Amino acid sequence: MNITFLNDPKLSILLPVIYLAWQDDILTKDEFKALNNFINNQDSFTKAEKEFLKSKIDLNTPPGRSELFHWKDLINRALKNNKRPDSLTQLGFLIANADRQVYTKEDIQKFERSFAQLESDLGIMSQEVISGLCETRDTITNKHETVESFSTQKMTALLDGDQAPVINRIKGIINSPEFAFETSTDTAVYREKVLEWCKILAKEGYGSYAYPKKYGGSGDIEGYFTIMETLSYHDLSLVIKFGVQFGLWGMSVMFLGTEKHFKKYLNDIGKLEIPGGFAMTETHHGSNVKGIQTTATYNHKNRSFTITTPTEYDRKEYIGNAAVHGEMVTVFAKLIIDDHDYGVNAFIVPIRDKERNVLNGVRIKDCGHKMGLNGVDNGIIYFDNVEIPYDNMLDRFAQVNEKGEFVTSIPSDNRRFFTMLGTLVGGRIGIPRSALAAAKTGLAIAIKYGDNRRQFGPDGGFEVPILNYRMHQQRLMPYLANAYAMHFGLQYLTQRFLNRTEDDMQEIEALAAGMKSYSSWNTRDTLQECREACGGKGYLSENRLDDLKNDTEIYTTFEGDNTVLMQLVAKNRLGEFRKQFGEMNIATIFSYVLDQAKTAVTEKNPFATRNTDDKHLKDAEFHLHAFKYREKELVGSAARRFKKLVDDGLDTFDAANIMHPHMLQIAYAYLDRVFLEQFQQQLEKADESLKEVLTRLYNLFAVNKLLENKSWYLEQGYMEGSKTKALRKLFSQLCWEIRRDAVPLVDAFNIPENCLAPIVTTKSKEA
């Protein structure tokens, strides 16, 4: 009688191992050698039984599909009818003893050692393999799912605050049929559609929202920022066109002009009856506004100014509304009176008539197709002795009097220059808020898609939502925490700006410059991760991530290059440091030394640097101390380093150049601390029902920032390796926990459905 696994059941002890070896249809030479040696060394098998087993591992005659299915059926029956075995040896005995007892417990113990060696030779981990062989799988991963542990309506109310009425009105407009997305690839068509949208908003009174009521507005600058942010859920070309027309153009008149300008222009600007632009940037001078070369020469005889771009690359470049629609622009130029340069001032200069004909002395080039924002007509403007009337000088901070003399209430050229630019800091509030809205949209798309999209899973089990995978969570959850942190931080910046005083303007300007950089860089990184997290679906234009990515790329450049702006932030922090220590007396020096000693005792002692207790790692006081310590040390070390470079004979410009990377770290440390503090304050004020989920988000933000800078903390001796390892473990756990709240957390952004993507507004076919 021929030997089979059925009529000689004791041989079935090897069936799971042989099945696994052939499972991928290829038995390697090493696998054959290991199995062959094992069979030869089994004294309890007869020669005929050994020959049968060897026939099942013959490289030249692999088992057919029906035989493999039969083996799998025997394995499945053993797993189904018995307690889950701890090893493949035990699984083999269960199959062998299925109909009658062939092996005893003593036999199992005898086989265990040789089987363990076989599994090692084959690279098999028993528990992992047995899990894979189970037909039905009920794992922690596939049971993890979205829950709504809090009220999304309450969270939306917290995020919107007292701006909810404005937000909801704008959401209603962009969700209307008139605001259906423009899909034409013709730039001219797209530009006209964006202009049409702006006109609808202007007609509803939203263009003039920030302007005084007596000039057709609502006198609500906070509302204007809110409008820009809410529009950013829709089309970003619309946002920038809206910002250029009603913000840069209109607010330059409002903040730099006087009553005569308000009466003449503001009402018409708000109604979009005078399309205009903001001509500051020059090709060869970029962010260096003080270095611009366009001139405004005063002619006392006829009380006028002549605007000129002296050379090819002194032209005004990348000016929104210039290529097609603009009729006037605010031009920043050096005021020249009797050959004397009185520094940068602002002037209203006509560039087109109502029929869109370019005026004499003005030459305009279209910037052409761009990476994004192709609904905005950016252009290059040259001025060749363009004469404008006396009243076209925006003269809030400086004037030319009736004698033809330059007069100003701010005698310092530097102070006047920075005061003038400081009034325009609003652009650096609108842009980061717009960037944040784009990041929120990307997160809503990627997180909702990840909750629906299923892929892979345990063998024999159901496919798992990709949002359940730890790495997928760690790609997206930190950016979700960032979005909430930045929302609270930008609200704080807005309130600081609205309630500004002259004394705190320098810090507000630095804060706005830093948050603009921080937010736009975060949006860039968020959208890249969201695109990848949506796979091929994220590459389809209909799913919006391409427009969001391409349109926000320029956010890192306009309103000031991010790296340059971060230097401004660092200079402000160093200035505050010098101010503090320049006025040091014995008492303040003693206080500083005492503070340093306290830090060493409380935060740099062995217990603190090694403390891995979960409660400590989630402690808000620990977070704040750590963030403040990094900020203070970076500022202090920068001041000492700069002084040493200069003391060693280096020119201050060269010393500053060497310090640039260090300065960037100062800015990041300062902004990290501000965002952390604002998140902590929001936690204290939040409704009790929201505190649990917000605390998880807060902890993830804090822990992620500590991990991003762990090398610095390790170098400083502020933490030891055991602590950073514990933070990494906590980071993973927080991402896992927040995943369950992730969909409700993005739902709380309350983004209009038409502004999301088809992959999330309809159930994915792949789900």
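Everything that follows concerns the structure shown earlier in this document.
The structure contained in this document is the topic of the report that follows. The residue numbers shown here count from 1 along each chain, following its written sequence. With the structure being a predicted model, the display of local features is reserved for residues of pLDDT at least 70 and the display and counting of side-chain atom pairs for 80 or more, all residues being used for whole-chain, interface and lining totals. By convention in this description, side-chain values take in all heavy atoms of the structure and omit both hydrogens and water.

### Considering the overall build of the chain
So, point 1. A run of DSSP states H or I qualifies as a helix once it reaches four residues; a run of E qualifies as a strand once it reaches two. Both are numbered from the N-terminal end. A tally of helices and strands in the chain yields 29 helices and 14 strands.
So, point 2. This radius of gyration counts C-alpha atoms alone. The globule rule is 2.2 Å times how many residues there are, raised to the power 0.38. Over its C-alpha atoms the chain spans a radius of gyration of 34 Å, topping by over 25% the 27 Å that the globule rule assigns to 767 residues.
So, point 3. Each principal axis of the C-alpha atoms in the chain carries an extent, and together these give about 125 × 70 × 50 Å.
So, point 4. Looking at the chain residue by residue over its 767 residues, the buried ones come to 54%. Between buried and exposed lies partly exposed: a residue is buried under 20% and exposed over 50% of the maximum accessible area for its type, with that area taken using a 1.4 Å probe on protein chains only.

### Considering helix α14 (residues 259-270)
So, point 1. Spanning twelve residues, α14 covers 16 Å between terminal C-alpha atoms, matching the ideal 16 Å at 1.5 Å per step.
So, point 2. Residues H261, F262, Y265, L266, I269 and G270 constitute the buried set of α14. Along α14, the residues classed as buried sweep out an arc of 120° about the axis, all on the same side. Summarising the geometry of α14, the exposed residues directed more than 90 degrees from the buried face are K263 and K264.
So, point 3. Here, two residues are considered to be in contact whenever any of their heavy atoms come within 4.5 Å of each other. Looking at the buried side of α14, the elements it contacts are α11 (187-203), α13 (236-256), β5 (328-337), β6 (340-350) and β10 (393-394). Multiplying 1.5 Å by the helix residue count minus one yields the expected span of that helix. Each direction from the helix axis to a C-beta atom contributes to the arc, which is the arc of those directions.

### Side note on the packing of aromatic side chains
So, point 1. In summary, the pairing rule links any two rings of Phe, Tyr or Trp, Trp by its six-membered ring, whose centres are within 6.5 Å, and it sorts them by plane angle into stacked for under 30 degrees, edge-to-face for over 60 and tilted for everything else. Applying the stated rule across the entire model yields 26 aromatic pairs.
So, point 2. Ring pairing ties together the aromatic residues Y484, F488, F679, Y698, F701 and F749, which thus form one cluster.
So, point 3. A ring is considered to have a charge above it if a Lys NZ or an Arg CZ atom is located within 6 Å of its centre and within 35 degrees of its normal. Sitting above the plane of the Y390 ring, R303 keeps its charged end 3.8 Å from the centroid.
So, point 4. The ring of F497 carries the charged tip of R500 above its face, separated from the ring centre by 4.1 Å.

### Some points on the packing of helix α17 (residues 470-498) against helix α18 (residues 505-533)
So, point 1. In this analysis an axis means a line fitted to C-alpha atoms, helices contributing only their contacting stretch, and an angle means the value between N-to-C directions, from 0 to 180 degrees. Where α17 contacts α18, the axes come no closer than 10 Å and their chain directions differ by 155°. When the axis of α17 is compared with that of α18, the two are roughly antiparallel. When the axes of α17 and α18 are compared, the crossing they make is left-handed.
So, point 2. Basically, the charged four are Asp, Glu, Lys and Arg, the nonpolar ten are Ala, Val, Leu, Ile, Met, Phe, Trp, Tyr, Cys and Pro, and anything else, Gly included, counts as polar. Each residue belonging to the contact of α17 with α18 can be placed in one class, and the counts come to 14 nonpolar, six polar and six charged. In what follows, roughly perpendicular refers to angles from 65 to 115 degrees, roughly parallel to angles under 35, roughly antiparallel to angles over 145, and oblique to any angle outside these ranges. Crossings are sorted by hand: turned counterclockwise from the far helix by less than a right angle, the near helix makes the crossing left-handed, and turned clockwise it makes it right-handed.

### Overview of the sheet that holds strand β7 (residues 362-366)
So, point 1. Strands pair, by our definition, only if DSSP identifies at least two bridges between them. Spatially, β4-β8-β7 is the arrangement adopted by the three strands of the open sheet, whose pairing is antiparallel. The open sheet has two edge strands with one neighbour each: β4 (316-319) and β7. For this sheet the average axis-to-axis angle between neighbouring strands, irrespective of direction, equals 25°.
So, point 2. Looking at chain direction, β4 and strand β8 (residues 379-383) are connected through two bridges and run antiparallel. Within β8, the position partnered with I319 by the bridge is G379.

### A word on the pairing of strand β9 (residues 386-389)
So, point 1. Taking every second residue as pointing to the same face, the buried face of β9 carries V386 and I388, while none of E387 and P389 on the other face is buried.
So, point 2. In this sheet, β9 lies alongside strand β3 (residues 304-308) in antiparallel orientation, the contact comprising four bridges. Bridged to T306 within β9 is E387.

### Overview of the packing of helix α25 (residues 652-685) against helix α26 (residues 688-708)
Helices that pack against each other are described as a pair by the angle of their axes relative to one another and the distance between those axes.
So, point 1. The geometry of α25 relative to α26 is characterised by a closest axis approach of 10 Å and an angle of 165° between their N-to-C directions. Overall, the two elements α25 and α26 adopt an arrangement that is roughly antiparallel. When you trace α25 past α26, the crossing you get is left-handed. Residues D672, F675, L676, F679, Q680, L683 and E684 of α25 touch α26, and the partners they reach there are K691, L694, T695, L697, Y698, F701, A702 and K705.

### Considering the side chain of D551
So, point 1. Locating D551 in the fold gives a position in helix α19 (residues 545-553).
So, point 2. Excluding residues within four positions of it along the chain, D551 makes contact with L236, G372 and L373.

### A look at the side chain of K516
So, point 1. With respect to the helices, strands and loops of the structure, K516 is situated in helix α18.
So, point 2. Of the side chains with opposite charge, D561 lies nearest to the buried K516, which makes no salt bridge, at 7.2 Å.
So, point 3. Two N or O atoms count as a polar contact when they lie within 3.5 Å, although within protein this holds only if one can serve as hydrogen donor and the other as acceptor, and sequence-adjacent residues are included solely when both atoms are side-chain atoms. Looking at K516, its side chain comes within polar contact range of the side chain of N562, at 2.8 Å.
So, point 4. Those residues within four positions of K516 in sequence are excluded, and the remaining contacts are R428, I431, P432, Y555, T556, T557, F558, E559, G560, N562 and L565. Only four residue types enter the tally: Lys and Arg on the positive side, Asp and Glu on the negative side, with His and both chain ends excluded. Each reported salt bridge corresponds to a side-chain nitrogen of Lys or Arg within 4 Å of a carboxyl oxygen of Asp or Glu.

### What to know about the state of the cysteines
So, point 1. In what follows, a disulfide is any cysteine sulfur pair within 2.5 Å. Applying the stated criterion across every chain, the model contains zero disulfides.
So, point 2. Note on C367: no disulfide assigned, nearest cysteine sulfur contributed by C198 at a separation of 18 Å.
So, point 3. Looking at C367, the relative accessible area reads 25%, which means it is partly exposed.
So, point 4. Looking at C534, it has no disulfide partner, and the nearest cysteine sulfur is the one in C530, 6.7 Å off.

### Looking at the nonpolar core
So, point 1. Residue types Ala, Val, Leu, Ile, Met, Phe, Trp, Tyr and Cys, when buried and joined through side-chain atoms within 4.5 Å, form a set referred to as a nonpolar core. Membership of the largest hydrophobic core comes to 173 residues, with the highest contact counts inside it found for L480 and Y484.
So, point 2. If you tally residues by element for this core, the top one is α25, at 14 residues.
So, point 3. Counting residues in each nonpolar core, the second largest holds 39 residues, with F45, F52, I57 and A96 among its members.

### Observations concerning the environment of N374
So, point 1. Assignment of secondary structure puts N374 in the loop between β7 and β8.
So, point 2. On the accessibility criterion, N374 (11% relative accessible area) is buried.
So, point 3. Through-space distance from the C-alpha of N374 to that of D551 is 8.4 Å; in sequence the pair is 177 residues apart.
So, point 4. Within the local environment of N374, its side chain forms a polar contact with the side chain of H369, the two groups lying 3.4 Å apart.

### Section: the environment of E753
So, point 1. Summarising the element assignment, E753 is placed in the loop between α28 (721-747) and α29 (758-761).
So, point 2. E753 sits in the exposed class, given a relative accessible area of 56%.
So, point 3. For E753 and V329, which are 424 residues apart along the polypeptide, the C-alpha to C-alpha distance reads 37 Å.

### Structural notes on the pattern of salt bridges
So, point 1. This structure, assessed with the given rule, holds 33 salt bridges.
So, point 2. A salt bridge links R356 to E192; the nearest nitrogen and oxygen atoms lie 3.3 Å apart. Residue R356 is found in the loop between β6 and β7, and its partner E192 is found in helix α11; the two are separated by 164 residues along the sequence.
So, point 3. The exposure class of R356 is partly exposed, given its relative accessible area of 38%.
So, point 4. The salt bridge involving E327 is made with K354; its shortest N-O contact spans 3.0 Å. Within this pair, whereas E327 is found in the loop between β4 and β5, its partner K354 is found in the loop between β6 and β7, the two being separated by 27 residues in sequence.
So, point 5. You can call E327 buried: its relative accessible area is 12%.
So, point 6. For K354, a relative accessible area of 53% gives the class exposed.
So, point 7. When salt bridges that share partners are traced, they join E229, R433 and K440 into one network.

### Points about the environment of K72
So, point 1. You can see K72 is positioned in helix α4 (residues 65-81).
So, point 2. Exposure remark for K72: the relative accessible area of 19% places this residue in the buried category.
So, point 3. Taking the C-alpha atoms as reference points, K72 and H284, separated by 212 residues in sequence, lie 73 Å from one another.
So, point 4. Polar contacts involving the side chain of K72 include one to the side chain of N76, which spans 2.7 Å.

### Side note on helix α1 (residues 15-22)
So, point 1. Within α1, eight of the eight residues are buried, which leaves the element mostly enclosed by the surrounding structure.
So, point 2. Along α1, the positions that sit buried rather than exposed are L15, P16, V17, I18, Y19, L20, A21 and W22.

### Some remarks on unusual backbone geometry
So, point 1. Located in the positive-phi region is R303, a residue other than glycine, with phi close to 50°.
So, point 2. Relative to the assigned elements, R303 resides in the loop between β2 (295-299) and β3.
So, point 3. Classification of R303 as partly exposed rests on a relative accessible area of 27%.
So, point 4. Phi is positive for N385, which is not a glycine, with a value near 55°.
So, point 5. For N385, the position within the fold is in the loop between β8 and β9.

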